[in-house]
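Report on the structure
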Amino acid sequence: MDTPSSKPVLIVEDERDVIDLLTLNLRKAGGFIISTASDGVSGLNKARTEKPALIILDLMLPKMTGLEVCKVLKTDPTTRHIPIMMLTAKAEEIDRIVGLEFGADDYVTKPFSPREVILRIQAILRRGEAKEGEHLSAGAITIDPARHQVSVGGKRISLTSIEFKLLRTLVQRRGRVQERDRLLNEVWGYESIIDTRTVDTHVRRLREKLGKAGDVIETVRGFGYRLRED
Ligand code: CA
């Protein structure tokens, strides 16, 4: 059922049965207003005019590929905030999809479980809501995103702007490993040419400032960092 809080979701996919499967499951979950497009060009146009809360974007599309659509949307200041979840049949493309090059927010590989897709979408939308002012917390750490303030056990601590963004990103994506490259992209920005070891240095300083509460940030050897789920 559509309620005032229903979220508009745009599905860009050329396979009719995939659209049907996603539509059916989004309807079942409730809280979504669904719009669809069956090629890259019309998907891009709909994304620009409808400004959905989230886009499910297939990789292989007629007229314009999903990656091209993603790249255009993520470089346009009026659409770059819209989360994009890529659908892909090619596991080897994943690094490029979520990495520096295209900036998608998440991905699922085909064939996918509709339930998992719904859970991922709900998680992405929750992260988006938290960005708009709600406090975030992790253990003893509380983040006030609007004021750029962080406290541990109620006591304010002073973080640099990079440390703040790093912590906020990890908290917003809790439970999932964040690769160094991806953190560089998110925290330092697209143009960054900084070495990935910079991430390690900043995480170390961040942990020091957080003290014991910093234990929630786990190192995932060979990959990056993850904020432990409570
Ligand atoms: Ca396709």
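Treat the numbers as computed from the prediction; the structure is a model and nothing was measured. (Residues numbered from 1 in each chain as written. Predicted model: local features only at pLDDT ≥ 70, side-chain atom pairs only at ≥ 80, totals over all residues. Heavy atoms only, no water.)

A word on the sheet that holds strand 12 (residues 224-227)
Sheet strands associate in pairs through backbone hydrogen bonding, adopting either a parallel or an antiparallel arrangement. Pairing is antiparallel across the open sheet formed by three strands, whose spatial order is 10-12-11. Looking at which strands have only one partner, the edges of the open sheet turn out to be strand 10 (178-179) and strand 11 (217-220). Summarising the sheet, strand 10 and strand 12 pair through two bridges and their orientation is antiparallel. Across the sheet, Gln178 pairs through a bridge with Tyr225, a residue of strand 12. Against the sheet, helix 6 (residues 161-172) contacts strand 10, strand 11 and strand 12, and its axis sits at roughly 65 degrees relative to strand 12. The sheet strands contacting helix 8 (residues 197-210) are strand 11 and strand 12, and the helix crosses strand 11 at an angle near 150 degrees. (Pairing = 2+ DSSP bridges. Helix = DSSP H or I, 4+ residues; strand = E, 2+ residues; numbered from the N terminus. Contact = heavy atoms within 4.5 Å. Axes fitted to C-alpha atoms, helices over the stretch in contact; angles between N-to-C directions.)

Here we look at the sheet that holds strand 7 (residues 141-144)
The strand order 6-7-8-9 describes an open sheet built from four strands, whose pairing is antiparallel. Edge positions in the sheet fall to strand 6 (136-138) and strand 9 (155-157), since each has one partner strand and no second. This sheet shows a mean twist of 30 degrees between the axes of neighbouring strands, independent of strand direction. By the bridge criterion, four bridges tie strand 7 to strand 8 (residues 149-152) in an arrangement that is antiparallel. Following the sheet pairing, Ile143 is matched in strand 8 by Val150. Across the sheet, helix 6 touches strand 6, strand 7 and strand 8, and the angle it forms with strand 7 is around 110 degrees.

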